[in-house]
Amino acid sequence: MKRVVITGMGIVSPVGTGVEYAWKNILAGKSGVRKIEDIDVSDLASQIAGLPIRGTEPGMFNPDLVVEPRDQRKMDKCILYGVVAADEAVRDAGLDTYTGDKERIGVSVGSGIGGLNTIYENCCELSENGPRHISPFFIPKCIINMAAGHISIRYGFKGPNVAMVTACATGAHSIGEGVRLIQHGDADIMVCGGCESAVGRLGISGFAAMKALSTRNDEPERASRPWDKGRDGFIMAEGAGVLVLEEYEHAVARGAKIYAEVAGYGLSGDAHHITAPAENGEGGRRAMVAALNDAGLKPADVDYINAHGTSTGLGDMGELIAVKDLFAGTNACMSSTKSMTGHLLGAAGAVEAIFCVLAIRDGIVPATINLDDPVDEVGDFDLVPNAAKKRKVNVALSNSFGFGGTNASLVLKKVQ
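Thresholds, definitions, all that
Residues numbered from 1 in each chain as written. Predicted model: local features only at pLDDT ≥ 70, side-chain atom pairs only at ≥ 80, totals over all residues. Heavy atoms only, no water. Phe/Tyr/Trp six-rings, centres within 6.5 Å; stacked < 30°, edge-to-face > 60°. Buried < 20%, exposed > 50% of the residue type's maximum accessible area, 1.4 Å probe, protein only. Helix = DSSP H or I, 4+ residues; strand = E, 2+ residues; numbered from the N terminus. Contact = heavy atoms within 4.5 Å. Pairing = 2+ DSSP bridges. Core = buried A, V, L, I, M, F, W, Y, C linked by side-chain atoms within 4.5 Å.

Colleague: Could you give me a rundown of the packing of aromatic side chains, with the residues and numbers involved?
Modeller: Overall, the coordinates contain five aromatic pairs when judged by the stated rule. Residues tyrosine 155 and phenylalanine 157 carry aromatic rings whose centres are separated by 5.4 Å and whose planes lie at 20° to one another, so their mutual orientation is stacked. You'll find tyrosine 155 and phenylalanine 157 in the same group, each marked buried. Here phenylalanine 207 and phenylalanine 403 contribute two aromatic rings whose centre-to-centre distance is 6.2 Å and whose plane-to-plane angle is 50°, an arrangement assigned as tilted. You can see phenylalanine 207 sitting in helix α8 (residues 201-209) and its partner phenylalanine 403 sitting in the loop between β14 (395-402) and β15 (406-413), a full 196 residues away along the chain.

Colleague: Quick one: what's the story with the environment of glycine 55, residue by residue and with numbers?
Modeller: Inspection of the secondary structure puts glycine 55 in the loop between β4 (48-50) and α2 (69-72). With eleven residues separating them in the primary sequence, glycine 55 and leucine 44 have C-alpha atoms 27 Å apart. Residues within four places of glycine 55 in sequence aside, it is in contact with Met60, Phe61 and Asn62.

Colleague: Explain the pairing of strand β1 (residues 4-13) residue by residue, including any values.
Modeller: Along any regular strand, the residues point their side chains to alternate faces of the sheet. Within β1, ten of the ten residues are buried, which leaves the element mostly enclosed by the surrounding structure. Where β1 and strand β9 (residues 260-269) come together, two bridges link them in antiparallel fashion. Considered in β9, the bridge of valine 5 is made with glutamate 261. Pairing of β1 with strand β2 (residues 16-17) involves two bridges; the strand directions are antiparallel. Within the sheet, the bridge partner assigned to valine 12 lies in β2 and is threonine 17. Between β1 and β2, which pair antiparallel in sequence order, lie two residues.

Colleague: Can you tell me about the nonpolar core, naming the residues and giving the values?
Modeller: Ile6, Met9 and Leu245 are the most contacted members of the largest nonpolar core, which has 51 residues in total. Sort the elements by how many residues they give to this core and helix α13 (residues 348-362) lands first, with eleven residues. Aside from chain neighbours lying at most four places away, what touches methionine 9 is Val19, Glu88, Ala89, Asp92, Val242, Leu243, Tyr259, Ile354, Val357 and Leu358.

Next up, the structure:
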């Protein structure tokens, strides 16, 4: 079986744009959740979100550095996030100056929802002013595969070009399927990840109608609190995470920097409910077992788990029960970086995979912030409460679970 390694990474997130900026804030326990100010949310139940801060200072989201303003008008913000994150990952991997066969480089970047705000805006335009006012860019501006399309066009990557759509598991599935395309021989390099921008009146109203969102509007930085008794729902967030995956021998031959290996990928379906996981988290457990089996590892080999951990009652408990059962008697610890970023939906799995890679690189695991009063079921299991912890990490597991009962787990490993 071909080995697949990570040779480039890029992030746009509520805690920073740029991998090192985001990681610095994650290790500092800094929340990226804030009050929504660019749209009217006065009549909405949830008025807070995890949003990248736009500006020209280092660590801020500045798309003008990557995409010409006239071209940005042809992209929903979701797609723009993906292109900016991909640009960092591509440059990090040295693919911006790559002279090899670009028919062997593919793209697998998806989204859970896609250009929801563009759809909403055009529906309003149609209703108010009629069809003549709809832009010819409307459809290509918002369809989910256009992030992968723009990335492919921008760099001339002519290999497989796909877009996963599996709700909040999208980013992880995009990575896992990219691994398999390389292992199957369809590509030598895959640019993989997820992007999302659904914070708007329609998106917030939809999730709020399900009673899924936190309404801790007066304390945005304390609102995302996985496994805490005071949790009251998740925080919508926006951004993108993109990783460059590469066949190991190919990476070595071109002298690429290697961060870590994607050693295992597991996926499963709950077959239980359209939005709620099984109470015992057995679907997620099967995905974790499948990923470990794919990697040829045992639960005792895992040092750190980056949880799906969204700060919802059923989701938090199902995952906790499954993890405690599977990793009983091991020294594994688990944390949720969503306590700082909020939930990036289809981008979450890719962003969190990057955090796992950095935990391996730096020997430090990020905290679960706002974990002040853990639910009783936590017991003595280490959820890394409120402060990052130095710890040698050889193997990390990243979980992503989505509506429809779709689950994905990735095993990331230090390259030996």
